[in-house]
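# Coordinate inspection notes
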Amino acid sequence: MGFQENLKYYREKAGYKTAKDFSEALSLPYATYAAYENKNREPKYNTLCKIADLLNVSTDELLGAKEKTYTAKDLDRLAIRNRIMLEVEKQERQWGNEKDLNPFQMLSLIAEEFGEVSQAVNETYLPEKARDKNKRIKNGKYAIENEVYQTIALLFRFIENLPEVEQSNEK
């Protein structure tokens, strides 16, 4: 519903039977309030807040703002983003700033991390690496995740620290 419909709905729900009753409670001229409900006129911010207070609703509810609902997949992705940023912060604390490294040196670090991801995958899924398959996979998945997050964090930091490249006009 739009603002006008919400205003009338919440006014009636709050016990104000007529627009005139509510306009008096707001100390507004009836014509002004009636225009809010019927003529697509919108109140100033202070008046909107006063209306919301009298009706005991939020301004979001009056304006018809929809509450965003998140799926499990959205929440999983948010958790991944948060974990990556935590890893970035952890690396910055542990290793300092890589501004002194050139892009090739950073790529070397990233390649090393990719190697550790590959090693963790091999240790987890190659059958001869451990006797207890369930324990191996559980521990291995954790190790793989850690290595992947470290690699992604390094990639993120690499992008952050890429130096500007001068463009030449040569063809």
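For the structure itself, look to the data block above.
I will try to describe carefully the structure that is included in this document.

### Points about the environment of Val57
Mapped onto the fold, Val57 is located in the loop between helix 4 (45–55) and helix 5 (59–63). Taking the relative accessible area as the measure of exposure, Val57 reaches 14% and is therefore buried. Excluding its chain neighbours within four sequence positions, the residues that come into contact with Val57 are Tyr10, Ala52 and Leu62.

### Concerning the packing of helix 1 (residues 3–13) against helix 4
At a minimum axis separation of 10 Å, helix 1 and helix 4 run at an interaxial angle of 35 degrees. Between helix 1 and helix 4 lies a crossing of left-handed hand. Residues Phe3, Leu7, Tyr10 and Arg11 of helix 1 touch helix 4, and the partners they reach there are Leu48, Ile51 and Leu55. Residue classes in the contact of helix 1 with helix 4 are distributed as six nonpolar, no polar and one charged.

### Remarks on the nonpolar core
The biggest cluster of nonpolar side chains holds 14 residues, and the ones touching the most others in it are Leu7, Tyr33, Ile51, Leu55 and Leu62. Listing elements by their share of this core, those giving two or more residues are helix 1, helix 2 (19–26), helix 3 (30–38) and helix 4. The element contributing the most residues to this core is helix 4, with four residues. Leu55 has contacts with Leu7, Tyr10, Arg11, Ala14, Tyr16, Phe22 and Leu62, leaving out every residue within four places of it along the chain.

### Considering the packing of helix 2 against helix 3
Where helix 2 meets helix 3, the closest approach of the two axes is 9 Å, and the angle between their N-to-C directions is 120 degrees. Seen from above, helix 2 lies across helix 3 with right-handed handedness. Here Ala19, Lys20, Phe22, Ser23 and Leu26 of helix 2 lie close against helix 3, whose contacting residues are Tyr30, Tyr33 and Glu37. Counted by class, the contact of helix 2 with helix 3 contains five nonpolar, one polar and two charged residues.

Cut-offs used in this document
The residue numbers shown here count from 1 along each chain, following its written sequence. Selection of residues for local features in this predicted model requires a pLDDT of at least 70, selection of side-chain atom pairs for listing and counting requires 80 or more, and totals for whole chains, interfaces and linings are taken over all residues. In computing side-chain properties, one takes all heavy atoms of the structure into account and sets aside hydrogens as well as water. Per the convention used, a helix needs a DSSP run of H or I reaching at least four residues, while a strand needs a run of E reaching at least two, with both numbered from the N terminus. Exposed residues in this analysis have more than 50% of their type's maximum accessible area, buried residues have under 20%, and partly exposed residues fall in between, with area computed by a 1.4 Å probe over protein chains only. Contacts between residues were defined by any pair of non-hydrogen atoms, one from each residue, lying within 4.5 Å. Axes, fitted as lines to C-alpha atoms, cover a helix only where it is in contact. Angles between the N-to-C directions of the axes lie from 0 to 180 degrees. Left-handed describes a crossing whose near helix is turned anticlockwise from the far helix through less than a right angle; right-handed describes the clockwise counterpart. Polar here means any residue other than Ala, Val, Leu, Ile, Met, Phe, Trp, Tyr, Cys and Pro, which are nonpolar, and Asp, Glu, Lys and Arg, which are charged; Gly is therefore polar. What is meant by a nonpolar core is a set of buried Ala, Val, Leu, Ile, Met, Phe, Trp, Tyr and Cys residues, joined one to another through side-chain atoms within 4.5 Å.

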